[in-house]
Amino acid sequence: MDAHRMNRLVLTLIKTVTYIVVAALVLLLVYIIGKGLPHLSWHFLGSESQAFLAGGGIRNQLFDSFYILLLTLVISTPLALLAAIFLAFYAPQNSLTDLVRTTIEVLSSLPSIVVGLFAYLLFVVNFQMGFSLLAGALALTIFNLPILTRNFEDALAEIDETQMQGGLALGFSKWKAITQIILPATLPSLITGMILGAGRIFGEAAALIFTAGQSPAQVDFNNWNPFSSTSFLNIMRPAETLAVHIWKLNSEGLVQDAALVSAASATVLVLMVIIFNAGARILGSYLQKKMMGGK
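Rules of the game
Residues numbered from 1 in each chain as written. Predicted model: local features only at pLDDT ≥ 70, side-chain atom pairs only at ≥ 80, totals over all residues. Heavy atoms only, no water. Phe/Tyr/Trp six-rings, centres within 6.5 Å; stacked < 30°, edge-to-face > 60°. Lys NZ or Arg CZ within 6 Å of the ring centre and 35° of its normal. Core = buried A, V, L, I, M, F, W, Y, C linked by side-chain atoms within 4.5 Å. Buried < 20%, exposed > 50% of the residue type's maximum accessible area, 1.4 Å probe, protein only. Helix = DSSP H or I, 4+ residues; strand = E, 2+ residues; numbered from the N terminus. Contact = heavy atoms within 4.5 Å. Salt bridge = Lys/Arg side-chain N within 4 Å of Asp/Glu carboxyl O. Axes fitted to C-alpha atoms, helices over the stretch in contact; angles between N-to-C directions. Parallel < 35°, antiparallel > 145°, perpendicular 65-115°, else oblique. Left-handed = near helix turned anticlockwise from the far one by under 90°. Nonpolar A, V, L, I, M, F, W, Y, C, P; charged D, E, K, R; others polar.

**Student:** Mind laying out the packing of aromatic side chains, listing which residues take part and the relevant values?
**Tutor:** Under the criterion given, the structure shown has nine aromatic pairs. Here the aromatic cluster, defined as three or more aromatic residues joined through ring pairs, consists of F63, Y67, F221, W224 and F232. We note K174 situated over the ring of Y90; from NZ or CZ to the ring centre the distance is 4.9 Å.

Structure, rendered in structure tokens:
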């Protein structure tokens, strides 16, 4: 077989596999969304869940999902950015740095259940945080930090080295050149990486079962005192995120409409992940055009 025919055969095989994967993904999304979309309503999104009665919603679970995501990003983003800056511009290129990068790769591929058990022993038991939003956010930080660090370092590595050299030639210190030249130039990629990471941890359940808890707390959305045990802002209260709620409904749901609530909740979760991913691409492209002087 000549090279041209072999090339066409391999290309056809690659396209076929790609179409099969995309078709399977589309069918899965259509199945999940089609099953749950008819049951979505403002009442469902804005009402509390019910433990024993039908007709409950996901208000608290949806809020807790966004709240724990916000806490995780507040904790993990600065740490990941500083680690990425160190690896990209300050760390010597030797075997130790290569070992650190390899360790980051290994940590980013750890099963979430392992991270959850480790966080349970560390934060819930040893640090006596109990099942709380803060313990869940710290568990997700362990889960998200290696991924975010890798994304940030890749974004920083894409910048032309002449920009750093130009800043140094103007008399900038290395840190000033990084903060005033490199970081603004990589801002679209950094934001894209952060939002993509947010979409991944938004649907995380296993790590939160052991840290944030499996039961929604009775909270008062009119209580703005973050130190009150009934305040929705209290980070030391237990919480049940949307992904954990879906797991619980399918494992031990007692309400009559558990299957419908689970399907609708899964639809909301899938739609939110799609919005995170699409929004990251759109926002990144928009910021890139703005910084390049486009309209």
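**Student:** Please provide a residue-by-residue account of the nonpolar core, values included.
**Tutor:** Where a protein is soluble and globular, its nonpolar side chains tend to be buried together. Grouped together as the largest cluster of nonpolar side chains are 37 residues, with contacts concentrated most on I68 and L69. Looking at this core, the elements with two or more residues in it are α3 (59-90), α6 (133-157), α8 (174-202), α9 (206-209), α10 (242-252) and α11 (258-291). Per-element tally for this core: the top contributor is α11, with nine residues. Those residues in contact with I68 that sit more than four places away from it in its chain are L133, G136, A137, L140, L208, A212 and T241.

**Student:** I'd love a proper account of the pattern of salt bridges, names of residues and values included.
**Tutor:** Under the counting rule described, the total for this entry stands at four salt bridges. R59 serves as the salt-bridge partner of E48, at 2.8 Å between the closest nitrogen and oxygen. One end of the pair, E48, is in the loop between α2 (42-46) and α3; the other, R59, is in helix α3, with 11 residues separating them in the sequence. Note that E153 is salt-bridged to R101, the shortest N-O span being 2.7 Å. Linking E153 in helix α6 with R101 in helix α4 (residues 95-108), this pair joins segments that are 52 residues apart in sequence. Given a relative accessible area of 23%, R101 falls into the partly exposed group.

**Student:** Describe the side chain of S112, with residues and values.
**Tutor:** The residue S112 is located in helix α5 (residues 112-126) in this model. For S112, a relative accessible area of 19% puts it in the buried group. With near-sequence residues (within four places) excluded, S112 lies in contact with F143, E204, A206 and A207.

**Student:** Account for the packing of α5 against α6, with residues named and values stated.
**Tutor:** For the pair α5 and α6, interaxial distance at closest approach is 9 Å and the crossing angle is 135°. With respect to each other, α5 and α6 are oriented oblique. Judged by the twist between their axes, the crossing of α5 over α6 is right-handed. Counting all contacts with α5, which are made through S112, V115, F118, A119, F123 and V124, the residues of α6 involved are A135, L138, A139, I142 and F143. Broken down by class, the residue content of the contact of α5 with α6 amounts to 10 nonpolar, one polar and no charged.

Geometry only, nothing functional implied.
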